[in-house]
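# An overview of the molecular structure
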Number of protein chains: 2
Amino acid sequence: MGLDELSKRYLPAIEEELHRIVDPAFAPETWELHRMMAYHLGWEGKNAGREAQGKRIRPLLVLLCAGAVPPPIPAPAEEMAWKKALPAAASVELLHNFSLIHDDIQDNSPLRRGRPTVWMEWGIPQAINAGDTMFSLAQLAMLDLGQTVDRATALLANRWLNQTCLALTGGQYLDLSYESQPVISLDAYWPMISGKTAALLSTCARLGALIAGAGEELQEKFKDFGYYLGLAFQAQDDLLGIWGASEQLGKSITSDLVSGKKSLPVLYGLEQKGAFARRWLAGPIPSDEVEDVALLLENEGARQYTLDIVNRYTHKSLTDLDQALPSPNENGKALVELAAMLLNRQS
Amino acid sequence: MGLDELSKRYLPAIEEELHRIVDPAFAPETWELHRMMAYHLGWEGKNAGREAQGKRIRPLLVLLCAGAVPPPIPAPAEEMAWKKALPAAASVELLHNFSLIHDDIQDNSPLRRGRPTVWMEWGIPQAINAGDTMFSLAQLAMLDLGQTVDRATALLANRWLNQTCLALTGGQYLDLSYESQPVISLDAYWPMISGKTAALLSTCARLGALIAGAGEELQEKFKDFGYYLGLAFQAQDDLLGIWGASEQLGKSITSDLVSGKKSLPVLYGLEQKGAFARRWLAGPIPSDEVEDVALLLENEGARQYTLDIVNRYTHKSLTDLDQALPSPNENGKALVELAAMLLNRQS
């Protein structure tokens, strides 16, 4: 089975697990809160469906990693590691989506995956509360590991979840604080995306390994694999934000150049102190100037620089995976496919 | 030792435990996030100190309940139940304060405990993120129970924490949704404050009992004690919001009548469909009309009705406590003192 076939097994199981956590958590008088959850998760409302659900990359990563670790003792089918990892998979997806609900408020984004954001539909106060609700559901999901693995492992997984939350909010703090600074250095980029993107992907891989019974050394390899995958993923995202087929992103803003996002190519361009930097500092870039400014940035080497970063961290990530799994099973091979898919995507 | 002496033992220990959780969680580049935590917790910034910290009622309740349960086996001093309960005490205080940070944004409140709110100081996006950060810290604190009690108990306590979060966000959803409705029924009040106030106080009492090794039946009694204490506490709060020495509350709005809050006396008044209801429905009440409208409401019986509710639930709460602790030790007696203090407060 390749990634496609494994996804066909895992994705419906992830969706079922999400429903198992989310649906019974609401009383009739607060059912509207359930609607907010179901809307944001792509289950309900206008244009609900696969597109609106996102790719479920993070829970998929948890399950593939759990399935990739050689079992310490041969286990019967009903005890397969990926099944034990389902609460963790649901948890990381809920955590990711909670952070998106709050991000959309913080960034004033009207659209997410091509649909109005929760705050656009229900207002800011209710959207803050909806995010908090999903945060609690992420916690309850992870605590359910107490039913599938031993308690020490369940407690450790919950600790990792919350240390990852701290990394996320730390990264978000930096991102928000950079907005008010006209120039930040290239060095300032890494702690931000390390917290905002790499920490959670790293935790996904590490959780899969932990739950499958991997020893600490192997867990660390998975952690590094996820971490560098996350850095590469974010750099690729930044590349697509300027040179991608951006209308496919389902975001409201066509180019990171228009929104003024301090992404990796932009920070590289600013450090060159050339024509791009002068134009950037002169004020907002309107849509009709985007093509010219993107070309300016490309000519100063920012596109190649970012591509090199993507390739370097992809290589690092796959090397870690290779060391973790010298003779990969089909889950291990699917992880390589997943990494390739993420890093060659056009949207 | 009475409540005063016990508070002198417990309050510094709570503060120390909060520092133990909060301080090491931040890297140098995100130290500003620590400043937001320390500011909101009353440790730093202008007018920091006891007043700015709030009363720490919830952690005190956890420790007193833990100390009130007769130990299953006589324990040496270093294993006193209240010490084991410290992570839970810190956790509930962090949870409470996270919810306040977000509440203040949702309610557009400029002041909290007499000081500018976090969103007034750092802006809404950073304040949402600061609340999320404190939420994670509350989780990490509770997970530390894994070091002071057995793992099954630690996992259960964490589950209760998050079920309580769901109750809180459910209550907050109702509160926010009531704002846009001109009239709501008296019946709609109880599910709201049950979630917003009583759920957490109930969990505090129950956690104390759990950690001290109480059996399920005794835990339930503590849970009920905290729950009815919470209902009485909120009804008393509503009473003070209209007839209290409101400038002592440290809130920006002098009267719930001006802010239009649908508190218990107001909902009672609306159901009378008399002069108060007509005035309320005619539009916002300016400060200079507050005294007249409060008198109108009092004459229609709302003050007495609310007082009766406070007394009824106080009685229920203390009866539950009495059944839980037929021969109370000094912690048990201090719980009665605490209840009396909360319900006779003037601010």
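Residues numbered from 1 in each chain as written. Chains lettered and ligands numbered in written order. Predicted model: local features only at pLDDT ≥ 70, side-chain atom pairs only at ≥ 80, totals over all residues. Heavy atoms only, no water.

## A closer look at the confidence of the model for chain A
Residue and element names in this part refer to chain A. The pLDDT averaged across chain A works out to 94; a share of 96% of its residues lies at or above 70. This model gives residues 247–253 a pLDDT under 50, and the stretch forms 12 contacts once residues within four places in sequence are excluded. With a pTM of 0.96, the predicted complex shows an ipTM of 0.95. (pLDDT = per-residue confidence, 0-100. Contact = heavy atoms within 4.5 Å.)

## Thoughts on the relation of the copies chain A and chain B
Taken as rigid bodies, chain A and chain B are interconverted by a rotation of 180 degrees and an axial shift of 0.0 Å, the fit giving an RMSD of 0.0 Å. Taken together, the rotation and translation relating the two chain copies correspond to the operation of a two-fold axis. Taking C-alpha positions as the reference, the residue of chain A nearest the rotation axis is Arg151 of chain A, at 3.1 Å. The fraction of interface residues of chain A whose copies in chain B are also interface residues reaches 100%, indicating that both copies meet through the same surface. (Least-squares fit on C-alpha atoms with pLDDT ≥ 70 in both.)

## Quick look at the environment of Gly49 of chain B
Within the secondary structure, Gly49 of chain B sits in the loop between helix H2 (31–40) and helix H3 (50–53). A C-alpha to C-alpha distance of 21 Å links Gly49 of chain B and Arg345 of chain B, two positions 296 residues apart in sequence. (Helix = DSSP H or I, 4+ residues; strand = E, 2+ residues; numbered from the N terminus.)

## Here we look at the interface of chain A and chain B
On the side of chain B, 43 residues touch chain A, which itself brings 43 residues to the contact. Between chain A and chain B, roughly 3700 Å² of surface is buried when both sides are summed, and carbon and sulfur atoms account for 70% of that area. Of all residues in chain A, Leu155, Leu166 and Tyr173 of chain A give up the largest surface area on contact with chain B, accounting jointly for 17% of the area buried on that side. For the interface between chain A and chain B, the tally reads two salt bridges. Here Asp144 of chain B ties to Arg159 of chain A by a salt bridge, and the two come within 2.5 Å at their closest N and O atoms. Where chain A touches chain B, the interface holds 12 residue pairs in polar contact (both at pLDDT 80 or more). If you list the elements that add at least two residues to the side of chain A that touches chain B, you get helix H2 (31–40), helix H6 (86–106), helix H8 (124–143), helix H9 (145–148) and helix H10 (151–179) of chain A. The element contributing the most residues to the side of chain A that touches chain B is H10 of chain A, with 17 residues. In terms of residue class, the side of chain A that touches chain B is built from 20 nonpolar, 17 polar and six charged. (Buried area = accessible area lost by both parts, 1.4 Å probe. Salt bridge = Lys/Arg side-chain N within 4 Å of Asp/Glu carboxyl O. Polar contact = N/O pair within 3.5 Å; in protein donor to acceptor, adjacent residues only side chain to side chain. Nonpolar A, V, L, I, M, F, W, Y, C, P; charged D, E, K, R; others polar.)

## Comments concerning the pattern of salt bridges
The tally for this structure, following the rule as stated, stands at 34 salt bridges over all chains. Linking Lys261 of chain A and Asp238 of chain A is a salt bridge whose minimum nitrogen-to-oxygen distance equals 3.7 Å. Highlighted residues: Lys261 of chain A in the loop between helix H13 (256–259) and helix H14 (264–272) and Asp238 of chain A in helix H12 (residues 216–243), separated in sequence by 23 residues. For Lys261 of chain A, a relative accessible area of 32% puts it in the partly exposed group. For Asp238 of chain A, a relative accessible area of 1% translates into the label buried. Through salt bridges with shared partners, a single network forms among Glu17, Arg20 and Asp144 of chain A together with Arg159 of chain B. (Buried < 20%, exposed > 50% of the residue type's maximum accessible area, 1.4 Å probe, protein only.)

## Concerning unusual backbone geometry
The residue Arg56 of chain B is not glycine, and still its phi comes out positive at about 55 degrees. When you line up the elements, Arg56 of chain B lands in the loop between H3 and helix H4 (57–68).

## Description of the side chain of Gln236 of chain B
Take Gln236 of chain B: it is sitting in helix H11 (residues 216–243). In this structure, Gln236 of chain B is in contact with Val310, Leu342, Leu343, Asn344 and Arg345 of chain B, ignoring residues within four places of it in sequence.

## Section: the packing of helix H1 (residues 3–22) of chain B against helix H17 (residues 330–343) of chain B
The description of two helices packed together rests on the angle between their axes and the distance between the axes. Residue and element names in this part refer to chain B. Closest axis-to-axis distance for the H1/H17 pair is 9 Å, and the angle between their directions is 100 degrees. It follows from the interaxial angle that H1 and H17 lie roughly perpendicular. Packed against H1, whose contacting residues are Leu3, Leu6 and Tyr10, the element H17 presents Glu330, Asn331, Ala334, Glu337, Leu338 and Met341 at the interface. (Axes fitted to C-alpha atoms, helices over the stretch in contact; angles between N-to-C directions. Parallel < 35°, antiparallel > 145°, perpendicular 65-115°, else oblique.)

## Side note on a negative patch on the surface
All names here are of chain A. On the surface, Asp4, Glu5, Glu330 and Glu337 cluster together into a patch of negative charge. For the negative patch, the secondary-structure elements that each account for two or more residues are helix H1 (3–22) and helix H18 (330–343). Take Glu330: it is sitting in helix H18. Taking the relative accessible area as the measure of exposure, Glu330 reaches 34% and is therefore partly exposed. (Patch = residues over 30% accessible without salt bridge, like charges linked within 9 Å, V, L, I, M, F, W, Y side chains within 5 Å. Areas by Shrake-Rupley, 256 points an atom, 1.4 Å probe, with all protein chains shown as cover. Lys, Arg positive; Asp, Glu negative; His and termini not counted. Charge placed at Lys NZ, Arg CZ, Asp CG, Glu CD.)

## Regarding empty space enclosed by the protein
All names here are of chain B. Inspection of the entire model under this criterion finds two cavities of 30 Å³ or more. In this structure, the largest cavity encloses a volume near 90 Å³. As for the largest cavity, its lining consists of Tyr39, His40, Ala52, Ile101, Asp104, Arg112, Arg113, Arg115, Pro116, Thr117 and Val118. Put simply, the parts of the chain that give the lining of the largest cavity at least two residues each are H2, helix H6 (86–106) and strand S2 (115–116). Grouping the amino acids of the lining of the largest cavity by side-chain chemistry returns five nonpolar, two polar and four charged. (1 Å grid on protein atoms, 1.4 Å probe; cavity = no way out; pocket = protein on both sides within 12 Å on 5 of 7 lines; lining within 4 Å. Points joined across faces, edges and corners; volume = space filled by probe spheres on them.)

## As for the packing of aromatic side chains
One pass over the full model with this rule turns up 19 aromatic pairs over all chains. Taken together, a centroid distance of 5.5 Å and an interplanar angle of 70 degrees make the contact between Trp190 of chain A and Tyr313 of chain A edge-to-face. Here Tyr313 of chain A lies in helix H17 (residues 302–324) and Trp190 of chain A lies in helix H11 (residues 189–211), a separation of 123 residues in the sequence. Across the pair, Tyr313 of chain A and Trp190 of chain A agree in class, each one buried. Between Tyr268 of chain A and Tyr305 of chain A, the aromatic rings sit 4.3 Å apart at their centres with planes inclined by 20 degrees, giving stacked as the arrangement. Of this pair, Tyr268 of chain A sits in helix H14 while Tyr305 of chain A is found in helix H17, placing the two residues 37 residues apart along the sequence. On the accessibility criterion, Tyr268 of chain A (16% relative accessible area) is buried. Looking at Tyr305 of chain A, the relative accessible area reads 21%, which means it is partly exposed. Joined through ring pairs, the aromatic side chains of Tyr189, Trp190, Tyr227, Tyr228 and Tyr313 of chain A make up one cluster. It is Arg206 of chain B that lies over the ring of Trp160 of chain B; its NZ or CZ is 3.9 Å from the centre. (Phe/Tyr/Trp six-rings, centres within 6.5 Å; stacked < 30°, edge-to-face > 60°. Lys NZ or Arg CZ within 6 Å of the ring centre and 35° of its normal.)

## Structural notes on the nonpolar core
In this structure, Leu94, Phe222 and Leu257 of chain A together with Leu94, Phe222 and Leu257 of chain B are the most contacted members of the largest nonpolar core, which totals 243 residues. Of the residues forming this core, the biggest block, 13 residues, is contributed by H11 of chain A. (Core = buried A, V, L, I, M, F, W, Y, C linked by side-chain atoms within 4.5 Å.)

## What to know about the packing of H12 of chain A against H17 of chain A
Residue and element names in this part refer to chain A. Put simply, H12 and H17 touch, their axes get as near as 8 Å, and they point 160 degrees apart. Classified by the interaxial angle, the pair formed by H12 and H17 is roughly antiparallel. Crossing geometry of H12 relative to H17 is assigned as left-handed. Among the residues forming the contact of H12 with H17, the class breakdown is 17 nonpolar, five polar and five charged. (Left-handed = near helix turned anticlockwise from the far one by under 90°.)

## Some points on H14 of chain A
Burial runs high along H14 of chain A: seven of the nine residues are buried. Positive phi shows up at Lys273 of chain A, right after H14 of chain A, with a value of about 50 degrees.

## Here we look at the side chain of Glu300 of chain B
Residues and elements named next belong to chain B. Among the structural elements, Glu300 can be located in the loop between helix H15 (290–299) and helix H16 (302–324). The side chain of Glu300 is buried and forms no salt bridge, while Arg278, the nearest opposite charge, is found at 6.4 Å. A distance of 3.0 Å separates a polar atom in the side chain of Glu300 from the backbone nitrogen of Ala275. In this view, Glu300 contacts Tyr268, Gly269, Gln272, Gly274, Ala275 and Phe276; residues no more than four positions away in its chain are not counted.

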